[in-house]
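Chain by chain, the residues:
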Amino acid sequence: MKTYETQIEISVSPDAVWHILTKELPRVPETFGLLHFEGDMAPGAKIKIRSEVAPERTFALRVQTFEPPGRMVWTGGMPFGLFTGTRSFSLTPATGGCTFSMKEVFTGPMSGMITKSMPDLTPSFIKFAEALKTKAETQ
């Protein structure tokens, strides 16, 4: 199992950050390090993204969990659970705003082999979180 995660304090309400995450990210994905976003942020929705980390690859994902304004989970991977990526986003109320957390966990029998060939996602996670903070705090 391989995990990447980041966390950042944002000085606006979870509702305001949730709006950016679910409404603005699909319209301006490049702000967040995504080259393309297709689909709707809604429970059970299918989405497709391309990221700066792997610009030649489109990831087909499902919005598995959608609990405004606190938690969203995207999942994708290979059939039969051979390889699964689960990316979770959470917004926790904090004094003066909220804490944004993003985590991705790769599991399945093929995860060890696949994650060895993947680039380090830490810089892209940090970029995403910092872009979300900047967007939220400058609106």
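An account of the accompanying structure is given in this report. Fair warning: this is a prediction, and the values are worked out from it, not measured in the lab.

The next thing to look at is the overall build of the chain. A tally of helices and strands in the chain yields three helices and seven strands. Counting from the amino terminus, helix and strand elements in the chain follow one another as β-α-β-β-β-β-β-β-α-α. Counting only C-alpha atoms, the chain reaches 45 × 25 × 25 Å along its principal axes. Within the chain, the fraction of its 139 residues that count as buried is 40%. Considering only contacts within the chain whose residues lie at least 6 apart along the sequence, 50% involve residues at least 24 apart. In the structure as shown, the chain presents an accessible area of about 7500 Å², 54% of it carried by carbon and sulfur atoms.

For the rest of this paragraph, the subject is the packing of aromatic side chains. To describe a pair of aromatic rings, one takes the distance between the centres and the angle between the planes. Under the criterion given, the structure shown has ten aromatic pairs. Through a chain of ring-to-ring contacts, three or more aromatic side chains come together here, namely F32, F37, W74, F89, F100 and F128.

In this structure, strand β5 (residues 71-77) lies alongside strand β6 (residues 84-94), joined through seven bridges in antiparallel fashion. Opposite T75, over in β6, you have T86 as the bridge partner. Between the end of β5 and the start of β6, which pair antiparallel, lie six residues, with F80 showing a positive phi angle near 65 degrees. Looking at chain direction, β6 and strand β7 (residues 97-107) are connected through eleven bridges and run antiparallel. Pairing of G85 across the sheet is with F106, part of β7. What sits between β6 and β7 in their antiparallel hairpin is a turn of two residues, with G96 showing a positive phi close to 80 degrees.

For the rest of this paragraph, the subject is the sheet that holds strand β1 (residues 2-10). As summarised here, the arrangement of the seven strands in space is β1-β7-β6-β5-β4-β3-β2, forming an open sheet in which the pairing is antiparallel. Pairing within the sheet leaves two strands with one partner each, and these edge strands are β1 and β2 (34-38). Taken pair by pair, the neighbouring strands of this sheet meet at an average axis angle of 20 degrees, ignoring direction. In the packing of helix α1 (residues 14-27) onto the sheet, the strands contacted are β1, β2, β4 (59-67), β5, β6 and β7, and the crossing angle to β6 comes to about 145 degrees.

Following both chains from N to C, one finds α1 and helix α3 (residues 122-137) inclined at 110 degrees, their axes separated by 10 Å at the closest point. The angle between the axes of α1 and α3 places the two elements in the roughly perpendicular class. Here V17, I20, L21, E24 and L25 of α1 come into contact with α3, specifically with F128, L132, K135 and A136. Residues belonging to the contact of α1 with α3 are distributed by class as follows: seven nonpolar, no polar and two charged.

Rules used in this analysis
Residues numbered from 1 in each chain as written. Predicted model: local features only at pLDDT ≥ 70, side-chain atom pairs only at ≥ 80, totals over all residues. Heavy atoms only, no water. Helix = DSSP H or I, 4+ residues; strand = E, 2+ residues; numbered from the N terminus. Buried < 20%, exposed > 50% of the residue type's maximum accessible area, 1.4 Å probe, protein only. Contact = heavy atoms within 4.5 Å. Areas by Shrake-Rupley, 256 points an atom, 1.4 Å probe, with all protein chains shown as cover. Phe/Tyr/Trp six-rings, centres within 6.5 Å; stacked < 30°, edge-to-face > 60°. Pairing = 2+ DSSP bridges. Axes fitted to C-alpha atoms, helices over the stretch in contact; angles between N-to-C directions. Parallel < 35°, antiparallel > 145°, perpendicular 65-115°, else oblique. Nonpolar A, V, L, I, M, F, W, Y, C, P; charged D, E, K, R; others polar.

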